Amino acid sequence: RATMKILVSACLLGENCKYSGGNNYNQAVCDFARGHQVVPVCPEVLGGLPTPRPPAERQPDGRVVTREGGDVTAEYRAGAEKALELARAHGCTLAVLKERSPSCGRGQIYDGTFSHTLIPGSGVAAQLLETQGIPVYGESRLDELIGQLSAEG
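Keep in mind that what you see is a predicted model, and the values were worked out from it rather than measured. (Residues numbered from 1 in each chain as written. Predicted model: local features only at pLDDT ≥ 70, side-chain atom pairs only at ≥ 80, totals over all residues. Heavy atoms only, no water.)

## As for the pattern of salt bridges
For step 1, the next point in the chain: Under the definition given, this model contains eight salt bridges.
For step 2, the next point in the chain: Ionic pairing is found between D31 and R34, a salt bridge with its closest N-O pair at 3.3 Å.
For step 3, the next point in the chain: By relative accessible area, R34 is classed as exposed at 53%.
For step 4, the next point in the chain: For E144, the salt bridge identified is with R141, shortest N-O distance 2.7 Å.
For step 5, the next point in the chain: The class of R141 is partly exposed, set by a relative accessible area of 22%. (Salt bridge = Lys/Arg side-chain N within 4 Å of Asp/Glu carboxyl O. Buried < 20%, exposed > 50% of the residue type's maximum accessible area, 1.4 Å probe, protein only.)

Pasting the structure below:
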């Protein structure tokens, strides 16, 4: 199979950058990434937020707010822009990003009430990447992605 350049959420690769200070290590993502050129990103850290940091969710109006009510939209936007810059600089043709995240989630995110309620929508970085032509896949959609790549290859 051809080597691809893939933007990947750093937490899925085992980097301790998630809001709680831990990671979301995913063996399937690591197996998939092997043999490809991987560009790890954490848009929240790229945007200047610390690890650990207060949990945040995207609001219906698009802002990102912490559970305590702090507005971190500017940091999320800055991180999304930096993730896009990295993707472009490295020639990434797709992204595998952490599902349900307010920055990386694609298709489903939490509703902004901190009640673990999922709604249709995407995180700030995932949305920006997709509008700029970089397809985003969550970790549970790897089989779908592998199937598409096999069909193309």
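## Describing the pairing of strand β1 (residues 5–9)
For step 1, the next point in the chain: Extensive coverage of β1 is indicated by the burial of four of its five residues.
For step 2, the next point in the chain: Direction of pairing for β1 relative to strand β2 (residues 37–41): parallel, over a ladder of five bridges. Each bridged residue has a counterpart across the sheet, and for K5 the counterpart in β2 is Q37.
For step 3, the next point in the chain: Chirality of the crossover, the property in question, places the unit of β1, helix α1 (residues 27–33) and β2 among those that are right-handed.
For step 4, the next point in the chain: Taken together, the three bridges between β1 and strand β5 (residues 94–97) define a ladder with parallel strand orientation. Across the sheet, the residue bridging to L7 is A95, located in β5. (Helix = DSSP H or I, 4+ residues; strand = E, 2+ residues; numbered from the N terminus. Pairing = 2+ DSSP bridges. Right-handed = clockwise from strand over helix to strand, strands pointing away.)

## Focus: the side chain of K98
For step 1, the next point in the chain: Position of K98 relative to the elements: it lies in the loop between β5 and β6 (108–110).
For step 2, the next point in the chain: For K98, the side chain forms a polar contact with the side chain of E139, separated by 2.5 Å.
For step 3, the next point in the chain: Setting aside anything within four residues of it in sequence, one finds K98 in contact with S9, C11, L12, N24, C104, G105 and E139. (Polar contact = N/O pair within 3.5 Å; in protein donor to acceptor, adjacent residues only side chain to side chain. Contact = heavy atoms within 4.5 Å.)

## Digging into helix α3 (residues 73–90)
For step 1, the next point in the chain: Between its first and last C-alpha atoms α3 spans 26 Å; for 18 residues at 1.5 Å apiece the expected length is 26 Å, and the two agree.
For step 2, the next point in the chain: Taken residue by residue, α3 has T73, Y76, G79, A80, A83, L84 and A87 as its buried positions. Each buried residue of α3 sits inside an arc of 140 degrees when the element is viewed along its axis, so together they form one side. Those residues of α3 that are exposed and angled more than 90 degrees off the buried face are A74, E85, R88 and A89.
For step 3, the next point in the chain: Trailing α3 by a residue or two, G91 shows a phi angle of about 70 degrees, which is positive. (Expected span 1.5 Å × (residues − 1). Arc of directions from axis to C-beta.)

## Observations regarding unusual backbone geometry
For step 1, the next point in the chain: Residue P52 is bonded to the preceding T51 through a cis peptide linkage, with omega at -5 degrees.
For step 2, the next point in the chain: Residues other than glycine seldom take positive phi values, yet F114 does so here, at roughly 60 degrees.
For step 3, the next point in the chain: You can see F114 is positioned in the loop between β6 and β7 (118–120).

## Some details on the side chain of E44
For step 1, the next point in the chain: Note on placement: E44 falls in helix α2 (residues 43–46).
For step 2, the next point in the chain: Given the relative accessible area of 8%, E44 is considered buried.
For step 3, the next point in the chain: Reaching out from E44, the side chain makes a polar contact with the side chain of Y76 at a distance of 3.3 Å.
For step 4, the next point in the chain: A polar side-chain atom of E44 sits 2.8 Å from a polar atom in the side chain of S103.
For step 5, the next point in the chain: Each residue touching E44, except ones within four places of it in the same chain, is listed here: L49, R53, Y76, S101, P102 and S103.

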